[in-house]
Amino acid sequence: QVQLVESGGGLVQAGGSLRLSCAASGRTFSSYTMGWFRQAPGKEREFVAVISRSGGSTYYADSVKGRFTISRDNANNTVYLQMNSLKPEDTAVYYCAKDRTTAWVRPTSRWQYDYWGQGTQVTVSS
């Protein structure tokens, strides 16, 4: 069983920055790829970023590339999402999730993840 707890969301003006954290329970955190997704009101949950077990490989949605950075600290069972140059369209609930497998397949579909956090709200005002 894995528990994921996100934090760091809030209200920020356009152009500002936020850093989200996702703390994971369990001793196998470093064995799994981890991802960030987001869901805006009335929209489907969408992929944001993913990071490999070691942190050596990352992949981003085109909409956030160059503005967001995913990273992880395996010693502290935490994955981060640094969000810069925020836009109003980044407003959503942000979720971290654990990949179903231990292989690096660059998962971008929500169905490839089996554990999710409760989400943290990010609101960007114009």
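### Overview of the pairing of strand E3 (residues 18-24)
Strand residues, when the strand is regular, have side chains that alternate between the two faces of the sheet.
And then number 1: Extensive coverage of E3 is indicated by the burial of 5 of its 7 residues.
And then number 2: Judged from the 6 bridges that link them, E3 and strand E8 (residues 78-83) form a sheet pairing that is antiparallel. Opposite Leu20, over in E8, you have Leu81 as the bridge partner.

### Notes on the side chain of Ser52
And then number 1: Within the secondary structure, Ser52 is located in the loop between strand E5 (46-51) and strand E6 (58-60).
And then number 2: Its relative accessible area of 7% is what places Ser52 among the buried residues.
And then number 3: Excluding its chain neighbours within four sequence positions, the residues that come into contact with Ser52 are Thr33, Ser57, Arg72 and Trp104.

### A short note on unusual backbone geometry
And then number 1: Even without glycine at this site, Asn77 takes up a positive phi of about 50°.
And then number 2: For Asn77, the location among the structural elements is in the loop between strand E7 (68-73) and E8.
And then number 3: A positive phi angle, close to 50°, is found at Arg106, a residue other than glycine.
And then number 4: The topology assignment puts Arg106 in the loop between strand E9 (92-99) and strand E10 (113-116).

### Comments concerning the environment of Phe47
And then number 1: With respect to the helices, strands and loops of the structure, Phe47 is situated in strand E5.
And then number 2: Separated by 78 residues in sequence, Phe47 and Ser125 place their C-alpha atoms 22 Å apart.
And then number 3: Apart from residues lying up to four places away in sequence, Phe47 is in contact with Trp36, Phe37, Tyr59, Tyr60, Ala61, Pro107 and Thr108.

### Describing the environment of Ala24
And then number 1: Along the chain, the position of Ala24 falls in strand E3.
And then number 2: For Ala24, a relative accessible area of 13% corresponds to the buried category.
And then number 3: Residues Ala24 and Cys96, 72 residues apart in the sequence, show an inter-C-alpha distance of 9.6 Å.
And then number 4: When residues no more than four places from it in sequence are discounted, the contact partners of Ala24 are Gln3, Leu4, Phe29 and Asn77.

### Some remarks on the state of the cysteines
And then number 1: On inspection of all chains with the given rule, the structure shows 1 disulfide.
And then number 2: A sulfur-sulfur distance of 1.9 Å marks the disulfide that ties Cys22 to Cys96. Residues Cys22 and Cys96 share a disulfide whose torsion about the S-S bond is about 50°; that sign makes it right-handed. Of this pair, Cys22 sits in strand E3 while Cys96 sits in strand E9, and the two are 74 residues apart along the sequence.
And then number 3: The exposure class of Cys96 is buried, given its relative accessible area of 0%.

### A short note on the pattern of salt bridges
And then number 1: For the structure shown, the criterion picks out 5 salt bridges.
And then number 2: The salt bridge involving Arg38 is made with Asp90; its shortest N-O contact spans 2.9 Å. Here the residue Arg38 occupies a position in strand E4 (residues 34-39), and Asp90 occupies one in the loop between E8 and E9, the gap between them amounting to 52 residues. Asp90 carries the same exposure label as Arg38, and that label is buried.
And then number 3: Across the salt bridge formed by Asp62 and Lys65, the nearest N and O atoms sit 3.1 Å from each other.
And then number 4: Relative accessible area serves as the criterion here: at 66%, Asp62 is assigned to the exposed category.
And then number 5: A network of salt bridges, in which partner residues are shared, links Arg38, Glu46, Arg67 and Asp90.

Rules of the game
Residues numbered from 1 in each chain as written. Predicted model: local features only at pLDDT ≥ 70, side-chain atom pairs only at ≥ 80, totals over all residues. Heavy atoms only, no water. Buried < 20%, exposed > 50% of the residue type's maximum accessible area, 1.4 Å probe, protein only. Helix = DSSP H or I, 4+ residues; strand = E, 2+ residues; numbered from the N terminus. Pairing = 2+ DSSP bridges. Contact = heavy atoms within 4.5 Å. Disulfide = S-S within 2.5 Å. Salt bridge = Lys/Arg side-chain N within 4 Å of Asp/Glu carboxyl O.

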